[in-house]
Amino acid sequence: MKKYWAIRKAPLKDSCGLQECMESAYTTYQERMGGARLPPMDLDYALEIQGFPTWVATYDGKVVGGLTLMFEDQYATIANIAVHPGFQGQGLGGGLMMFAETAAKENGYSELRLATHVLLTENVALYRHLGWQETDRDAKRVYMAKKI
């Protein structure tokens, strides 16, 4: 059964729920990463919410997804985006990506950028499916951009 969510600006009181959501989302990759924790697992989400435009997706009062943007001089960057494992495969990730595009456009940007880990191949595939282009790659990251 499809679950319906709502996306809204994250108030400070969402920091614990956002931390739990990110921990759950990124833990699914830990074995693939040789047990290493990805950086979003260890962020202080109260500081993220205070310092950067951050939104949450909620379902039945619970945070099930999150998005943090950074507005640079020439482009906007998706600094973090994740969906709770129980909500993956239902369109929420794509919905958050579309939301990011809209937010960037509303703030006057025509390009979005992001970086993801090279081992998160399903994320790279999703981004390509959504029209993103790979711009660079190193030993750990795939860098992508999209004109909006």
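So, a few notes on the structure that sits alongside this text. Worth saying up front: this structure is predicted, and the values here are computed from it rather than measured.

## Some words on the overall build of the protein chain
Here is step 1: Across its full length, the protein chain holds four helices and seven strands.
Here is step 2: Element order for the protein chain, N to C, with α for helix and β for strand: β-α-α-β-β-β-α-β-α-β-β.
Here is step 3: Here the C-alpha atoms of the protein chain give a radius of gyration of 15 Å, agreeing with the 15 Å that 2.2 N^0.38 yields for 148 residues.
Here is step 4: In terms of its C-alpha atoms, the protein chain occupies a principal-axis envelope of roughly 40 × 35 × 35 Å.
Here is step 5: Taking all 148 residues of the protein chain together, 44% fall into the buried category.
Here is step 6: Restricting the contact set of the protein chain to residue pairs at least 6 apart, pairs at least 24 apart contribute 59%.
Here is step 7: Counting only carbon and sulfur atoms, one obtains 52% of the accessible surface of the protein chain, whose full area is about 8000 Å².
Here is step 8: If you average the places of the 16 positive and of the 17 negative side-chain charges in the protein chain, the two averages end up 5 Å apart.

## Details of the side chain of D14
Here is step 1: Considering the arrangement of structural elements, one finds D14 in the loop between β1 (6–9) and α1 (15–27).
Here is step 2: On the accessibility criterion, D14 (7% relative accessible area) is buried.
Here is step 3: When sequence neighbours within four positions are dropped, the list of residues in contact with D14 reads R8, I49, V56 and V63.

## Here's the deal with the sheet that holds strand β5 (residues 111–117)
Here is step 1: Taking strand neighbours across the sheet as the criterion, the seven strands line up as β1-β2-β3-β4-β5-β7-β6 in an open arrangement whose pairing is mixed. Of all the strands in the sheet, the pair left with one neighbour each is β1 and β6 (133–137). Strand-to-strand twist of the sheet, defined as the mean angle between neighbouring strand axes without regard to direction, takes the value 30°.
Here is step 2: Bridge count between strand β3 (residues 62–71) and strand β4 (residues 76–83): seven bridges; the pairing is antiparallel. Looking at β4, one finds that G65 is bridged to V83.
Here is step 3: Helix-sheet contacts for helix α3 (residues 92–106) involve β1, β2 (54–59), β3, β4, β5 and β7 (141–147), and the interaxial angle to β3 is about 35°.

## Some thoughts on the nonpolar core
Here is step 1: Residues L67, L69, I78, L112 and W132 are the most contacted members of the largest nonpolar core, which totals 25 residues.
Here is step 2: Among the elements that take part in this core, α3 stands out by supplying six residues, more than any other.
Here is step 3: Contacts of I78, omitting those with residues within four sequence positions, involve L67, T68, L69, M97, A100, L112, R113, L114 and W132.
Here is step 4: In this structure, M22, Y29, Y45 and I49 belong to the second largest nonpolar core, which totals 16 residues.

## Observations concerning the packing of aromatic side chains
Here is step 1: In total, this model carries five aromatic pairs according to the counting rule given.
Here is step 2: Stacked on the ring of W55, the Lys or Arg K9 has its end atom at 5.0 Å from the ring centre.
Here is step 3: The aromatic ring of Y75 is capped on one face by R113, whose charged end is 3.7 Å from the ring centroid.

## Quick look at the pattern of salt bridges
Here is step 1: Tallying each qualifying case throughout the model produces nine salt bridges.
Here is step 2: When the shortest N-O distance is used, the salt bridge between K146 and E101 registers 2.6 Å. Taken together, the residues span a long stretch of sequence, with K146 in strand β7 and E101 in helix α3 at a distance of 45 residues.
Here is step 3: Overall, E101 belongs to the buried group, its relative accessible area being 14%.
Here is step 4: Members of the salt-bridge network, linked through shared partners, are E23, R37 and D42.

Parameters and conventions
Residues numbered from 1 in each chain as written. Predicted model: local features only at pLDDT ≥ 70, side-chain atom pairs only at ≥ 80, totals over all residues. Heavy atoms only, no water. Helix = DSSP H or I, 4+ residues; strand = E, 2+ residues; numbered from the N terminus. Rg over C-alpha atoms; globule rule 2.2 N^0.38 Å. Buried < 20%, exposed > 50% of the residue type's maximum accessible area, 1.4 Å probe, protein only. Contact = heavy atoms within 4.5 Å. Areas by Shrake-Rupley, 256 points an atom, 1.4 Å probe, with all protein chains shown as cover. Lys, Arg positive; Asp, Glu negative; His and termini not counted. Charge placed at Lys NZ, Arg CZ, Asp CG, Glu CD. Pairing = 2+ DSSP bridges. Axes fitted to C-alpha atoms, helices over the stretch in contact; angles between N-to-C directions. Core = buried A, V, L, I, M, F, W, Y, C linked by side-chain atoms within 4.5 Å. Phe/Tyr/Trp six-rings, centres within 6.5 Å; stacked < 30°, edge-to-face > 60°. Lys NZ or Arg CZ within 6 Å of the ring centre and 35° of its normal. Salt bridge = Lys/Arg side-chain N within 4 Å of Asp/Glu carboxyl O.

Interpretation in functional terms is not warranted from these geometric data alone.
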